[in-house]
Amino acid sequence: MAKNILVLHGPNLNLLGVREPTIYGNISLSTIDSSLRKIASEAMVDISIVQSNHEGHLIDIIHDSHLKRNDFLIINAGAYTHTSIALRDAISAVSIPFIEVHISNVYKRESFRSLSYLSDIAIGVISGLGISGYESALRYAINY
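What counts as what
- Residues numbered from 1 in each chain as written.
- Predicted model: local features only at pLDDT ≥ 70, side-chain atom pairs only at ≥ 80, totals over all residues.
- Heavy atoms only, no water.
- UniProt positions renumbered as here; feature names shortened; annotations may be inferred.
- Pairing = 2+ DSSP bridges.
- Helix = DSSP H or I, 4+ residues; strand = E, 2+ residues; numbered from the N terminus.
- Axes fitted to C-alpha atoms, helices over the stretch in contact; angles between N-to-C directions.
- Contact = heavy atoms within 4.5 Å.
- Buried < 20%, exposed > 50% of the residue type's maximum accessible area, 1.4 Å probe, protein only.

- As annotated in an unreviewed UniProt entry, the chain is 3-dehydroquinate dehydratase from Candidatus Kinetoplastidibacterium galati TCC219.
- You can read under Sequence similarities (unreviewed entry) in the UniProt record for the chain the words "Belongs to the type-II 3-dehydroquinase family."
- Note on the chain: under the UniProt heading Subunit (unreviewed entry), the record states "Homododecamer."

## Considerations on the sheet that holds strand β3 (residues 72–76)
Move 1: Taking strand neighbours across the sheet as the criterion, the five strands line up as β2-β1-β3-β4-β5 in an open arrangement whose pairing is parallel. The sheet is open, and its two edges are formed by β2 (46–51) and β5 (124–127), each paired on a single side. The mean inter-strand angle of the sheet, taken between neighbouring strand axes irrespective of direction, is 15 degrees.
Move 2: Here five bridges tie strand β1 (residues 4–9) to β3, and the two strands are oriented parallel to one another. The residue of β3 that forms the bridge with L8 is I75.
Move 3: Where helix α3 (residues 55–67) meets the sheet, it contacts β1 and β2, and its direction lies at approximately 170 degrees from that of β1.

## Describing the side chain of H9
Move 1: Turning to its location among the elements, H9 is positioned in strand β1.
Move 2: Note on H9: relative accessible area 0%, which makes it buried.
Move 3: In this view, H9 contacts L29, I32, D33, I49, V50, Q51, S52, L58, N76 and Y134; residues no more than four positions away in its chain are not counted.

## A few points about the UniProt feature "active site" (unreviewed entry) in the chain
Move 1: Under the local residue numbering, the UniProt record ascribes the feature "active site" (unreviewed entry) to Y24 and H102. Taken along the chain, the residues just named run across 79 residues; in space they keep tight, none of their C-alpha pairs more than 9.6 Å apart.
Move 2: Locating Y24 in the fold gives a position in helix α1 (residues 21–24).
Move 3: Residue class for Y24 comes out buried when judged on its relative accessible area of 12%.

Written out as structure tokens, the structure is:
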């Protein structure tokens with residue numbers, strides 16, 4: 001059972017609830033984070049949640065996750081999913097199992113969004129289930 005879980009939100013996710021609500025919905029990132037903290041608390045696991053619009057900052061947090069002995073990573077890398085080999089390399093370097101999460105169904109959107117530099121090294125990918133995708137990923141991580 002995972003005891004220390006890291007959740008990373010990538011670029012523009014701080015604008016959830018405001019940004020393109022027809023695609024991402026009306027729920028804010030703080031609401032998502034509160035829901036995840038509640039699930040983690042009920043399961044008696046530690047959870048760290050970070051959002052950054054900066055690729056280097058996300059990479060630094062991933063590097064630190066190894067030192068902090070995180071058992072599992074849940075990541076919505078946003079647009080970095082489709083562009084960042086550096087993010088992939090950071091995750092590979094720390095060897096922490098992870099789930100890639102996307103709020104929208106990336107396969108029903110622009111064709112460039114169907115390319116992920118993370119999917120083939122992930123335990124799994126959840127796409128298109130809205131915020132419940134995060135909750136499902138967390139429940140899986142807790143029991144991993």
